[in-house]
Amino acid sequence: MSSEEREFPVGPRSGERRQVTALFYDIVGSTALLHQLDPEEFAALQRTLHTEAAALISGNGGYLERVQGDGGCAYFGYPEPSEDAAEFAVKTALQLVDWCQRLSQQVGSNLKVRVGVATGLVVVADISNTRLPDHTEVIGIPPALAARIQSEAAPNSVVVSDTTHRLTSSAFEFEEIGLRELKGFGEPVQLWRPLAHRRQSDRFTRYRRISAPLVGRDDELELCARRWARAKDGHGQFVLLHGDVGIGKSRLVAELRRVIAAQDAVALVFQCEPRGSTEPLHPFLESIREAVSEATKDPQPPREAVVHFLRKLGPEVGKLNAEIVAFLLFGKVQERSSEAWQIDLSDDEIRARAVEAILAVLTASTSSGPVLIVIEDLHWADTLTKAVATRLPEWIVSRPVLFVATSREAMAAEHLGEPNVLSIALAGLTAQATSELLDRIWESPCPAELADFVYEKSDGVPLFAEQLALLLREGMEATVQSKRTEWDELLREGRVLNLQDLIAARLAGLGQLRRVAQIASVIGREFRWKLLVALMEPEPLAVDLNAALEGLAQAGIVRLKTPDSAIRFRHVLIQEAAYDSLLKSERREIHARIVRLVQSGTVASLPDEAMAWHFEQAGQPLESARCAIQAAEASALRSAMHEADRMADFAERQLMQASESNDASDLRLRLLTVRGPVAAALFGKGSEHARSIYEQGLSLCAERNDQDRAKWFPLYWGWWFTSPDYETQRARSDILVRDLEGSGDPEVRLQSLHCAWATNIDAGLHSRCLQCVEDGLRLYDEDRARFSRSRYGGHDAKVCGLGERAFSLWFVGDDIGSSQSVEAAKEWAVHISHLNSLLHALEFDLELRCYRNDHEGVIKVADEIAHLAQAVPDALAKSALFRAWADGMIGDAMAGLSEFEATLIGRGMSTSEGAPVYDGMRAELSARAGLNEQALSILDNAVFTSTQSGQVFWLAELLRQRALLRHSRGESEQAVGTDMARALQVGGEQQAAALVARVQSNIARLGLRAPQKSA
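Residues numbered from 1 in each chain as written. Predicted model: local features only at pLDDT ≥ 70, side-chain atom pairs only at ≥ 80, totals over all residues. Heavy atoms only, no water.

## Here we look at the overall build of the protein
Point 1. Scanning the protein from terminus to terminus reveals 43 helices and 16 strands.
Point 2. Taken over 1015 residues, the protein has a buried fraction of 54%.
Point 3. Residue pairs in contact within the protein that sit at least 24 positions apart in sequence constitute 70% of those at least 6 positions apart.
Point 4. On the protein, roughly 45,000 Å² of surface is accessible, and the fraction owed to carbon and sulfur atoms is 50%. (Helix = DSSP H or I, 4+ residues; strand = E, 2+ residues; numbered from the N terminus. Buried < 20%, exposed > 50% of the residue type's maximum accessible area, 1.4 Å probe, protein only. Contact = heavy atoms within 4.5 Å. Areas by Shrake-Rupley, 256 points an atom, 1.4 Å probe, with all protein chains shown as cover.)

Following this line, the structure appears as structure tokens:
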């Protein structure tokens, strides 16, 4: 049997051909490391690397195919295809190298890696029905090539194949390595080294060539027209057009707008930007700013003009919504005191208010007729813009609005069931539709051979087909030769391999217009005429700039509206191709020009996000970091935490490149004051990430003995807030009070005492708690307090101080003083009209009634909290917990216990600050229900946990409960007496007279011998 006829019986075969990007990483000098380290240490180091690699690969959408020894192999674009697979693979490789470098700096590790990345066609075969160990088999050149080329990388660097380089050259800076001979490859292989991410952007976006013909979209246009008809009748509709890059989403929207414009309807169009995910609500706010500028003829309208303009839109906007939108446009961190609407709101509430204000503005004009609202490229939206889009179907349900969004991504499943929601997936053009498109572009029938050629090359993507047809027409001087070889040669001469190459080839033929496009591309996707004029001044053109822009518009490079409005590249890929055609040194100089023009006031200021990028590209990392931090602060102020986190990451990278100076040190501390709350909001206050940020901040503060530490109090407060346990938190509160007692800022001193009284009571240090409250309340100022509540704990410091004083007074035996103090806390909370503070005061009252075993009182207060706390989940859970306890103690103990445990576990309260009290309540219910073994187990664990954590204020009561339970179980008098003696000792040390009296009463009632005092 010949080799061609031989078959290998490995079982049934099935699979598919697919382009993937393979990533192969390997430890440098693993054998040498193994000799240097103990095998156990090497294993831990290697395991740490594989764990981090797996997290990075997964986080960037890759698939870790295998880990073997000191290396691993991953695929991007598999099992799910992705147009950005190569970019995410290179990004992952650079992140892995960066992680190794940081690890080396932090712990002195010698761990280094080499990474190889290669892209190409593979066959993915399903072998699940064979005896082979894996379920799938990936066969092709990329995995082998990635493994080979990683050996060509220097330690802690990445090498990629030529194909990967071509696919990602717009996203990363590269250094050419050259041709290399690789084992198993007959011809030398061209290799590249990625150096850094160029900037955050997608490779493609939609193309707005309105003059291009619309073909092959009759059915989709008809569906949209039907939805418009329903919307006009007052039944708001939501349509999502989704599909791949260049598939014609925006072209369809443009045709729909043309149809609607003929009916004299209002159309509002908003555009998400590639870097827009760092700027909250950017598509709406920029459009509002432009509209106000146009109405007032003022390019920089003041805030009052914005409020006035918005109020005139209609009654739905209202004064509050106008103020909120104006704040979103103009609000700075230092102006927080002027934002009355924001006071006392949680981050979630601020976000909700912002979303509703934008929705009110969007739909304000519906009183005078139906409205079309369009949001393009929703896949680039920030989290608040996505929240607006999510709310829109419900918001417009009874309004005459058709909302159309375009996105590369399909809609989340939860929205698809709504009757006013329609999702339309756009497919590629057919061969017939492609031929029709070419006829319209050529304005005459073109040969079938040319239509077939374009269809084959474009794969049915309208944008690619249109651009290819235009390139062929221009390159062939409007004559059509039906020779396929000539068309192929034209593409080869321009090195046209993909859509990006195609755009670059078209730009190259623009003559002097190309230079204008290049300069404009440095500004960004959108630019203003005045800035472009100033940038072009050192480079006089042979043609008038206005004529040049008209020429670029006619060539389909830019889109012009009115003379005063921004000019936009029709496609982000066009802007990137023009930008990439500049030398790096030239780009840097133009970015520096932009920075100088803005700083000198020659042109209008740009958003902080944009200035951060320009400073970065101009080689000024310190100023770039400053702008990025300002952008992060503004995002955090608007409760847009994901956007704040992204800008903070950017700022941190810039500071790593900046030289050491006092300014750099200040900016690092300022950055940490932003990062802390953002990390706590995104990852939890107890997260290691948040904790490490504050620890780093305090370390830097300690190095600056000449500074007033009050300036960095948010770092101190966060350091205290994220303490890993109660004993540490108490110790840190002492440091806060000590370090800040000399500060000239009374609010800072008050808040340091706020930390101290809250933690000293947990430690049972009641006299210290009472002193801190007394000292703190002398510093309290009602006006200052209005702006500190949301920053420090979410409640009023005076309410908290009065409540904690009520606790400590009860513990030390002053029951009357305790009742008076908690009533004063409630009265003050009512006076300041702050819901969270009122709930805080009621929770103090609730817990005190529990301490006194006032079951009816607990039920009354729990019901009051439940009535007030419909939108405050934590307060609702606490009221439900205490009510279940009280119900069980005076009624059905088993039912009460069941409800108590469901609330405790289901609402995640078992690890809260009230855990010792909750354990005691649960043990009481268990014992009353006859579950003595369970009750004893709960108390054993509670006593141990309380002792270990330092949260000992309730320890004497837990010991007393355990002693009584042991007595009821018939345990020895010694066991019972030991717990009673320890309860007396703990209560005595804490001066907790109320708890000591309970223990003494039980000892007398049980006829136990009086315990001896401990030595």
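Moving on from the model shown.
## With respect to the packing of aromatic side chains
Point 1. Per the counting criterion, the structure on display carries 19 aromatic pairs.
Point 2. Between Tyr579 and Trp613, the aromatic rings sit 6.0 Å apart at their centres with planes inclined by 35 degrees, giving tilted as the arrangement. A residue pair is termed long-range when its members are at least 10 positions apart, and Tyr579 in helix α21 (residues 572-580) and Trp613 in helix α23 (residues 608-617) qualify at 34 residues.
Point 3. Taken together, the aromatic side chains of Phe807, Trp810, Phe811, Phe844, Tyr851, Phe953 and Trp954 make up a single cluster linked through ring pairs. (Phe/Tyr/Trp six-rings, centres within 6.5 Å; stacked < 30°, edge-to-face > 60°.)

## Let's talk about the sheet that holds strand β16 (residues 567-569)
Point 1. Taken together, the three strands give an open sheet; going across it, the order is β14-β16-β15, and neighbouring strands pair in antiparallel fashion. Looking at strand neighbours, the two that pair on one side only are β14 (526-527) and β15 (558-559), the edges of this open sheet. (Pairing = 2+ DSSP bridges.)

## Topic: the pattern of salt bridges
Proximity of charged atoms lets side chains of opposite charge pair with each other.
Point 1. Counted according to the given criterion, the structure contains 50 salt bridges.
Point 2. Residues Arg596 and Glu589 are paired through a salt bridge, measuring 3.1 Å at the closest nitrogen-oxygen approach.
Point 3. Where Asp940 meets Arg962, a salt bridge forms, and the shortest distance between an N and an O atom there is 2.9 Å. Remark: Arg962 occurs in helix α41 (residues 955-968) and Asp940 occurs in helix α40 (residues 932-949); sequence separation between them is 22 residues.
Point 4. Exposure remark for Arg962: the relative accessible area of 10% places this residue in the buried category.
Point 5. By sharing partners, the salt bridges in this structure join Glu933, Asp940, Arg962, Arg966, Arg969, Glu971 and Asp979 into a single network. (Salt bridge = Lys/Arg side-chain N within 4 Å of Asp/Glu carboxyl O.)

## Observations regarding helix α35 (residues 835-851)
Point 1. Helix length check: α35, at 17 residues, gives a terminal C-alpha distance of 24 Å against a target of 24 Å (1.5 Å per residue), a fit within 8%.
Point 2. With 15 of its 17 residues buried, α35 lies for the most part within the structure.
Point 3. Where α35 ends, the next residue or the one after it, Asn853, has phi of about 60 degrees, a positive value. (Expected span 1.5 Å × (residues − 1).)

## Considerations on the nonpolar core
Point 1. Counting residues in hydrophobic clusters, the biggest one holds 107 residues, and the most contacted among them are Trp757, Tyr851, Trp885, Phe900 and Trp954.
Point 2. Top contributing element to this core by residue count: α35, with nine residues.
Point 3. Residues in contact with Trp757, not counting those within four places in the same chain, are Leu750, Cys769, Cys772, Val773, Gly776, Ala797, Cys800, Gly801 and Glu804.
Point 4. Counting residues in each nonpolar core, the second largest holds 60 residues, with Ala517, Leu545, Cys627 and Val678 among its members. (Core = buried A, V, L, I, M, F, W, Y, C linked by side-chain atoms within 4.5 Å.)

## Some thoughts on the pairing of strand β12 (residues 401-407)
Point 1. Along β12, seven of the seven residues are buried, which leaves the element largely enclosed by surrounding structure.
Point 2. Burial along β12 is two-sided: the face carrying Val401, Phe403, Ala405 and Ser407 and the face carrying Leu402, Val404 and Thr406 are both buried.
Point 3. Sheet topology note: the strand β9 (residues 237-242)/β12 ladder contains six bridges and is parallel. Counted as the bridge partner of Leu241 is Thr406 from β12.
Point 4. As judged from the five bridges shared by strand β11 (residues 371-376) and β12, these two strands associate in the parallel manner. Across the sheet, residue Val374 finds its bridge partner in β12, namely Val404.

## What to know about the pairing of strand β6 (residues 157-161)
Point 1. With five of its five residues buried, β6 lies for the most part within the structure.
Point 2. Both faces of β6 are covered, namely the face carrying Ser157, Val159 and Ser161 and the face carrying Val158 and Val160.
Point 3. Pairing of β6 with strand β8 (residues 189-197), which is carried by two bridges, proceeds in the antiparallel orientation. If you follow Ser161 over to β8, its bridge partner there is Leu191.

## Quick look at the sheet that holds strand β13 (residues 421-425)
Point 1. If you trace the five strands from one edge of the open sheet to the other, you get β10-β11-β12-β9-β13, paired in parallel fashion. Sheet topology places β10 (266-271) and β13 at the edges, where each strand pairs with a single neighbour. Along the sheet, successive strands turn relative to each other by an average axial angle of 15 degrees, direction set aside.
Point 2. Bridge count for β9 against β13 is five bridges, and the pairing is parallel. (Axes fitted to C-alpha atoms, helices over the stretch in contact; angles between N-to-C directions.)

## As for helix α8 (residues 282-296)
Point 1. Helix length check: α8, at 15 residues, gives a terminal C-alpha distance of 21 Å against a target of 21 Å (1.5 Å per residue), a fit within 8%.
Point 2. Turning to α8, its buried residues number three or more, namely His282, Pro283, Phe284, Leu285, Ile288, Glu290, Val292 and Ser293.

## Structural notes on the packing of helix α42 (residues 973-989) against helix α43 (residues 993-1006)
Point 1. Packing of α42 against α43 leaves a shortest axis separation of 9 Å and a crossing angle of 155 degrees. For the element pair α42 / α43, the angle class is roughly antiparallel. For the pair α42 and α43, the crossing hand works out as left-handed. On α43, the residues that touch Met980, Ala983, Leu984, Gly987 and Gly988 of α42 are Val996, Val999, Gln1000, Asn1002, Ile1003 and Leu1006.
Point 2. In the contact of α42 with α43, the residues fall into seven nonpolar, four polar and no charged. (Parallel < 35°, antiparallel > 145°, perpendicular 65-115°, else oblique. Left-handed = near helix turned anticlockwise from the far one by under 90°. Nonpolar A, V, L, I, M, F, W, Y, C, P; charged D, E, K, R; others polar.)

## Digging into the packing of α41 against α42
Point 1. It is the contact of α41 with α42, at a shortest axis distance of 8 Å, that shows an interaxial angle of 165 degrees. In this view, α41 runs roughly antiparallel relative to α42, as classed from their interaxial angle. You can see that α41 and α42 cross each other, and the crossing is left-handed. In this structure, α41 uses Leu955, Ala956, Leu959, Arg960, Arg962, Ala963, Leu964, Arg966 and His967 to contact α42, whose residues at the interface are Ala975, Val976, Asp979, Met980, Arg982, Ala983, Val986 and Gly987.
Point 2. Looking at the contact of α41 with α42 residue by residue, the classes come out as ten nonpolar, two polar and five charged.

## Focus on the environment of Leu23
Point 1. Examined against the element boundaries, Leu23 turns out to sit in strand β1 (residues 14-27).
Point 2. Residues Leu23 and Val117, spaced 94 residues apart in sequence, show a C-alpha to C-alpha distance of 4.6 Å.

## Here's the deal with unusual backbone geometry
Point 1. Phi at Leu281 is positive, roughly 60 degrees, even though this residue is not glycine.
Point 2. Position of Leu281 among the secondary structure elements: in the loop between β10 and α8.
Point 3. Judged by relative accessible area, which is 1%, Leu281 ranks as buried.

## As for the side chain of Thr363
Point 1. Tracing the backbone shows Thr363 in the loop between α11 (347-362) and β11.
Point 2. One polar contact links the side chain of Thr363 to the main-chain carbonyl oxygen of Leu359, over a distance of 2.8 Å.
Point 3. Those residues in contact with Thr363 that sit more than four places away from it in its chain are Glu316, Ile373, Trp395, Ile396, Arg399 and Val401. (Polar contact = N/O pair within 3.5 Å; in protein donor to acceptor, adjacent residues only side chain to side chain.)

## A short note on the side chain of Ser161
Point 1. Mapped onto the secondary structure, Ser161 falls in strand β6.
Point 2. Taking the relative accessible area as the measure of exposure, Ser161 reaches 3% and is therefore buried.
Point 3. Apart from residues lying up to four places away in sequence, Ser161 is in contact with Val117, Ala118, Thr119, Leu145, Ile149, Gln190, Leu191 and Trp192.

## What to know about the confidence of the model for the protein
Point 1. Averaged over the protein, the pLDDT score is 82; the fraction of residues at 70 or greater is 85%.
Point 2. Segment residues 199-211 is flagged for pLDDT under 50; beyond a separation of four residues in sequence, or across chains, it makes 68 contacts in the model.
Point 3. For residues 333-338, every residue scores under 50 in pLDDT, and the model assigns this stretch eleven contacts once sequence neighbours within four places are set aside. (pLDDT = per-residue confidence, 0-100.)

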